[in-house]
Each structure stands twice: as structure tokens, then as C-alpha cells.
Amino acid sequence: MTEGRTPIVALTWQQVRYQNCLFWRTPVAAFFTIAFPLMFLLLFSVLFGTEEFEITGRGMFSVAQFYAPALAVFAAASATYTNIGVGTAIARDEGVLKRFRGTPLPPWTYVAGRIGSGVWIAFIATVVMMTVGVVAFNVNIESSKLPAALVTFVVGAACFAALGLALAAASPTGDSAPAVANATILPLAFVSDVFIAMDNPPDWLTAVGNFFPLKHFVRAFQDAFHPLVESPGFEFDHLAVMAVWGVVGTLLALKFFTWEPRESASGRRRRRRRTGGSEPSGSE
Amino acid sequence: MSAIRVRGLVKTYGAVDAVRGIDLTIEPGEVFALLGPNGAGKTTTVEILEGHRQRNAGEVEVLGVDPATAGRGFRERIGIVLQTSGIDRELTVRESLLLYGALYPRRRPADEVIEITGLSEKAEARIKTLSGGQRRRVDLALGIVGDPDLIFLDEPTTGFDPSARRKSWELISNLRSLGKTILLTTHYMDEAQHLADRVAVIAGGVIVAEGTPDTLGGRRDGGATVAFRLPAAGRPPAPFDVPAGADGFVRVEVKDLAATLHGLTEWALREKAALDGLTVTRPSLEDVYLQLTREAEGD
């Protein structure tokens, strides 16, 4: 028998490690977060070639200098938004959240574990992407702009973590969460210059891209590696948009988050049959 | 101070009254079983006591506090085994116990809990590889890892085979001998009979009977069913002078058992009638339960 409360810091750390452990034990999540964006990097290098071109006064650069940061942002956004949203919605529907709610675990500690783990995995995905970019595609990193890259990463990852919690709260069931996640993040990626920077897109498409936070994440992070952007390279207008979306996500999550599993349509049918249709009861 | 004290508890879901005025008192160290059909309000009641749901009216005190507003200190003293389990499939049994154990100030060693719940062979197995019964034992293990004073067990052995059920009963009996208070809901009358100090039958959102498993619904009032094969010759005395059933047996419910039975055996000796297959049956807990819930449903 052990006496004494586990310190709150240790509990939070344990929650982060627990979520990390679950992530790495779910190969499909690890694949889509880490390997999938890397495949785009390889694909783009085949499509666009790896030849270098000269930027006057700055030296030689490859196209990967621009799309590696964009894909790193995409990886970071799916590590936070998709993983946190889908994972939390599934945990809710499986009754894991309800079980924790009946224990002394302070509820925010669970949420902190989700966010901490999501941001950590996003960090790994980003570092992997940029490292492959540097090693295989000659991406150039200026150390004087790394603080800007790091700050952009932290603000962007926090923003998409908050939106992930909002996604979990908004998803009617755990089963539907991946669909909702993909149906939102993928189209958004196309209008946010993640895959291809469009020449002369229609105005409304630009407007949609500017409205949502992903494009601002991409631009701010790209600029931290852009040869023509002077150090320190902070893009406060982009950071501000992400911060606002982070607050919006947090508010939505707070409003709609539940710890109880949501009943699926099939569950309601089962119940009606069992009670003979006359006595709908939410109790058992 | 009582472990649980409930007065006039009411819970409605929209227009449906799930719980319609329940009073309940459970003393420390008691094993109390709540019996009732599906939809009777068992789980709703228990979840209000656990702090999972808010009530509409009534007074509730669990371990001296109101679970609706109680915080971490309250949850450190209770253990909950929910009806539907949610454990992360990718964790091992031991990892789950370490994860949840760390939440309690007075935690039991994971290995000890694994052993007493009979999961030693599965300690390193991932949850997803366990059978339904084994998962239920993990639920039980997680419910007691924090060494709680009060344990809620919502249908703890549903879906168990008989030997697994016996083992769980032993475990629950051991918890009782440690002085834990246990509130149990179950469908199984033998489970209530075996484990509970007191039982209450809940139907239609109210408690229709309460007592010990042996006295519930007047089981000790002397009433019994007397049955025997009707002898070929002769006619037994009242109240046994009724037509036999299709199987040739006379079956009569009697109130004053000793006197009535005396009348019957005296007649049998005199007539030299063998009372083949004579049985005297007290109503089982199940009989009483079925009758009580039938009455409550107005059949």
C-alpha cells in the first residue's frame, strides 16, 4: 500500500506518456502522421525535380526549400488536429473518458495529456520532415530564423490541438470522427498552399484559405526557411490569426465537450426494442 | 454516519421519470444489492451516487458528501465498476493498473491486485487480446486498485461462466471482510443471495421491497408450496382435496405449514398412502423478485 497523492506534475507527465504510448501502438495513426507526409515529399521531388536554382545573392536552392516546410506544417496539423480529435472522440465513445471521470484524476490533466502528446508528436513529425529535407533535398536552415520557426510551430500546434478538441466535441460518434477530420483538413490543405501553391486562384478560394488558420501556419513556417525573408522572420499577423482560431477552438471544445459516450443510432434502436417501444429510458 | 443516505431521489429524462422518489440507507461495511429489471432505474440511481449524473430532486449523501458537487477527495475514496467498460485496448493489464493506481493516494500494488483478480497469467497481455470475462476482471481490478472505502459494482459478473462467477464472488466476499462497503446491482438472484447483507428491489423507479435476502417480500412468513403425487386411492384432506395437475401432482400453497402438513401426514398414515415425491418449497428469492416486479408493472 502506498500513501500520498501523486504530485500533479507527475500525473500530467504520466498522461502525456500514456497518450504517446497509445499513439505509437496504433500503427495506422503513426503511419498517417509521420510517413504519409514524407511520401508527399518524395512524390514532389519526383514531380518537381531536385535541380537547384540560383537566387541572386542568396545562393543555390531546391524547390524542397519551400514545400518541405509546408509538408512539415501539414504533418504537425494532422498530429494535433486529427490525432487529438479522433483519439478523444473514440476514447469518449469507448467509455474511457467516463471511467477517468469517476477517478480522482483532475479532468484538465487528461486534456493536458492529449495536447502535450499531440504537440510532441507534431514536433517529431516536423523535425523528421525537415531533417529529411536537409539531408536528402539540400534544404537550407538559417539558425538565426530557428526561433521564429519554433515559435510558429508552438502557436500553430497549440491552435490545431485546440481545434482537435473542438473536433472531438463536435463529432457525433467516435466512428464518424476520422471522416469529419479528413473532410475538413484535406480540402483545407489544398486551399492553404500545403501541396501546391496555385497560380492565380479565384479570389474566393484565396479568401477561404486566408480565413482558416492552416494557410497562416504554412506561410509563417515557410517564411522561417524562405531565402528572401530576413531574420528573425517572425510573422506576427499570421501568428495572431492562429491564436484567434486557438481561442475559438478552445471555446467550442468547452461548450460541447462531454465525458459520457454518445449513443449511436444502433444503440437507440436496441433500447427501443428492449423496452418494447413504450418506455424510452435513458437510464440503462 | 451511514455510507450512503438517500431521501426522495428523483431523476427525469425529458418526460420520462427514471427514478421516482427513492429512499436508501446503506451502513459502512454492508454489502447491499439493488435488484430490478432493465430500465427500472438501477443504473441511474447508482450513477447519481457515483457523481456521474445530476439529480432533479432529493437529498443524497455518500461518504458524508453530496456526490453532485464532490471533488477529488470523494473520488479517492470510491471505486467504480461501470456496466460498460472502457479501457484502452493497446495497454497491457499491468500498465492499466499502474496508470489508474497512480491516481489514488492509497493505491494497492499492481501485482497484488492482478493476483487477487486472477489475472496473473494475463498481466503482460494487451487488453484487446482478453476475453469478455477477463476484461470484466480488469474492470474489477481497476475498481479496487485505489483501495476504496466504498465500491460500486454495476452488474459485475454479467456474461461470466459459473466458475468465473464463483471466483468473483470470493473476491467480493474478501472485500467485505476488509470492511469495505459495496453497492451491487445484479440480475442474478443467486448472486444477491450469496453476497448481499441486504437487498432492495427497484421497479418502475421506486423501491418496492427491501430486506435481507432471506426475509425479502415475506419469505420467512411461513408460507410454502407443498406438492406430492396424488395417491391412486383416497382423497386427501383439505386444503389438499384439489385436482392434480397434468403431471399427477397436487400443488398447494399453504400459510400455516406445520399444522397443514400434520393433517396431511396423519391422513397418509391412516390410509397407508405413500406420499410419493413430497416436497415443501419456500419461495425462492427469484420467485419473490418476479412477483414483486410483476406487481410493480401492474400485470
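Residues numbered from 1 in each chain as written. Chains lettered and ligands numbered in written order. Predicted model: local features only at pLDDT ≥ 70, side-chain atom pairs only at ≥ 80, totals over all residues.

Visitor: Can you walk me through the overall build of chain B in this structure?
Guide: Scanning chain B from terminus to terminus reveals 9 helices and 12 strands. Along the first, second and third principal axes, the C-alpha atoms of chain B reach 75 × 45 × 35 Å. Considering chain B as a whole, with its 299 residues, one finds that 40% of them fall into the buried category. Across chain B, contacts joining residues at least 24 apart in sequence account for 68% of those joining residues at least 6 apart. (Helix = DSSP H or I, 4+ residues; strand = E, 2+ residues; numbered from the N terminus. Buried ≥ 20, exposed ≤ 12 C-beta atoms within 10 Å, placed from the backbone. Contact = placed C-beta atoms within 7 Å.)

Visitor: Honestly, the overall build of chain A in this entry has me stumped. Any pointers?
Guide: A count of helical and extended segments in chain A gives 11 helices and 2 strands. Written out in order from the N terminus, the α and β elements of chain A read α-α-β-β-α-α-α-α-α-α-α-α-α. On the principal axes, the C-alpha backbone points of chain A span a range of 75 × 50 × 35 Å. Contacts in chain A between residues far apart in sequence, at least 24 positions, make up 84% of those at least 6 positions apart.

Visitor: Sorry, what's going on with the pairing of strand β3 (residues 31-35) of chain B here?
Guide: In regular strands, side chains alternate between the two faces of the sheet. Residue and element names in this part refer to chain B. Within β3, 5 of the 5 residues are buried, leaving the element largely enclosed by the surrounding structure. Judged by which residues are buried, β3 turns out to be covered on both faces: V31, A33 and L35 on one side and F32 and L34 on the other are all buried. Across 5 bridges, β3 lies against strand β7 (residues 181-186) in parallel orientation. By the bridge assignment, L35 is partnered in β7 with T186. Bridge count between β3 and strand β8 (residues 198-203): 4 bridges; the pairing is parallel. Looking at the pairing, A33 lines up with V199 of β8. (Pairing = 2+ DSSP bridges.)

Visitor: What exactly am I supposed to notice about the environment of T279 of chain B here?
Guide: Residues and elements named next belong to chain B. Tracing the backbone shows T279 in strand β12 (residues 279-281). Given 12 C-beta atoms within 10 Å, T279 falls into the exposed group. Separated by 54 residues in sequence, T279 and T225 place their C-alpha atoms 7.9 Å apart.

Visitor: Can you help me understand the interface of chain A and chain B in this one?
Guide: Note: interface size is frequently given as the accessible area lost on complex formation between the parts. With 31 residues of chain A at the interface, the matching set in chain B holds 32 residues. Secondary structure elements with two or more residues in the side of chain A that touches chain B: α1 (8-24) and α4 (96-101) of chain A. When its residues are assigned to classes, the side of chain A that touches chain B shows 9 nonpolar, 12 polar and 10 charged. (Nonpolar A, V, L, I, M, F, W, Y, C, P; charged D, E, K, R; others polar.)

Visitor: Would you take a moment to explain the nonpolar core for this structure?
Guide: Soluble globular proteins tend to bury their nonpolar side chains together. Ranked by size, the top nonpolar core spans 137 residues in total, and within it L71, V73 and A76 of chain A together with A141 of chain B carry the most contacts. For this core, the leading source of residues is helix α3 (residues 64-93) of chain A, giving 18 residues. In contact with V73 of chain A, not counting residues within four places along its chain, are G156, V194, F217, V218 and F221 of chain A. If you look at the next biggest cluster of nonpolar residues, it comprises 7 residues, including A227, F228, F240 and L264 of chain B. (Core = buried A, V, L, I, M, F, W, Y, C linked by C-beta atoms within 7 Å.)

Visitor: What's the story with helix α2 (residues 27-48) of chain A in this structure? I'm lost.
Guide: Along an α-helix, a turn takes 3.6 residues, which lines up residues three or four apart on a common side. Residues and elements named next belong to chain A. The first and last C-alpha atoms of α2 sit 30 Å apart over 22 residues, in line with the 32 Å expected at 1.5 Å per residue. The principal kink in α2, of about 35°, is found at A35, preceding the proline P37 by one to four residues. Along α2, the residues that are buried comprise A29, T33, P37, L41 and F44. (Expected span 1.5 Å × (residues − 1). Bend = angle between axes of the 7 residues up to and from the residue.)

Visitor: What am I meant to see in the sheet that holds strand β11 (residues 249-254) of chain B here?
Guide: Remark on secondary structure: sheet strands pair via backbone hydrogen bonds, oriented parallel or antiparallel. Residue and element names in this part refer to chain B. One open sheet holds the 3 strands; their spatial order is β11-β10-β12, and the pairing between them is antiparallel. Here the strands that pair on one side only, and so sit at the sheet edges, are β11 and β12. Strand-to-strand twist in this sheet, taken as the mean axis angle between neighbours without regard to direction, amounts to 20°. Pairing geometry for strand β10 (residues 224-229) and β11, over 6 bridges, is antiparallel. Bridging from a neighbouring strand, T225 pairs with E253 of β11. (Axes fitted to C-alpha atoms, helices over the stretch in contact; angles between N-to-C directions.)

Visitor: Even after reading the chapter, I still don't get the sheet that holds strand β2 (residues 16-26) of chain B, so can you show me in this structure?
Guide: Residue and element names in this part refer to chain B. Taken together, the 3 strands give an open sheet; going across it, the order is β2-β1-β4, and neighbouring strands pair in antiparallel fashion. The sheet terminates laterally at β2 and β4 (57-62), the two strands that pair on one side only. Averaged over all pairs of adjacent strands, the angle between their axes in this sheet comes to 25°, without regard to strand direction. Where strand β1 (residues 4-13) lies against β4, 5 bridges are found, and the strand directions are antiparallel. Bridge assignment links I4 to a residue of β4, and that residue is V62. Of the strands in this sheet, β1, β2 and β4 touch helix α1 (residues 42-50), which is tilted by about 120° from β1.

Visitor: Which parts of the structure should I look at to understand unusual backbone geometry?
Guide: The general pattern is negative phi for most residues beyond glycine and trans for most peptide bonds. Of the consecutive residues A238 of chain B and P239 of chain B, the connecting peptide bond is found in the cis state with omega at 5°. Here P239 of chain B lies in the loop between β10 and β11. Although it is not a glycine, N138 of chain A sits at a positive phi angle of roughly 60°. Relative to the elements of secondary structure, N138 of chain A occurs in the loop between α5 (107-137) and α6 (146-170). Unusually for a residue other than glycine, K272 of chain B sits at a positive phi of about 50°. For K272 of chain B, a count of 9 C-beta atoms within 10 Å corresponds to the exposed category.

Visitor: How should I be thinking about the packing of α6 of chain A against helix α9 (residues 213-223) of chain A in this particular structure?
Guide: Helix-helix packing is characterised by the crossing angle of the two axes and by the distance between the axes. Residue and element names in this part refer to chain A. Packing of α6 against α9 brings their axes to within 9 Å, and their N-to-C directions diverge by 165°. As judged from the angle between their axes, α6 and α9 are roughly antiparallel. Like other packed secondary-structure pairs, α6 and α9 cross with a definite hand, here left-handed. Contact residues: α6 offers A149, T152, F153, G156 and C159, while α9 offers P213, F217, A220 and F221. Here the contact of α6 with α9 is composed, by residue class, of 7 nonpolar, 2 polar and no charged. (Parallel < 35°, antiparallel > 145°, perpendicular 65-115°, else oblique. Left-handed = near helix turned anticlockwise from the far one by under 90°.)

Visitor: Can you walk me through the packing of α3 of chain A against α9 of chain A in this structure?
Guide: Residue and element names in this part refer to chain A. α9 packs onto α3 with a crossing angle of 135° between their chain directions and a minimal axis gap of 9 Å. When the axes of α3 and α9 are compared, the pair comes out oblique. In terms of crossing hand, the pair formed by α3 and α9 is right-handed. Each of F66, P69, A70, A72, V73 and A77 in α3 lies in contact with α9, whose residues at this interface are L214, F217, V218, F221 and Q222. Along the lines of polarity and charge, the residues of the contact of α3 with α9 split into 10 nonpolar, 1 polar and no charged.

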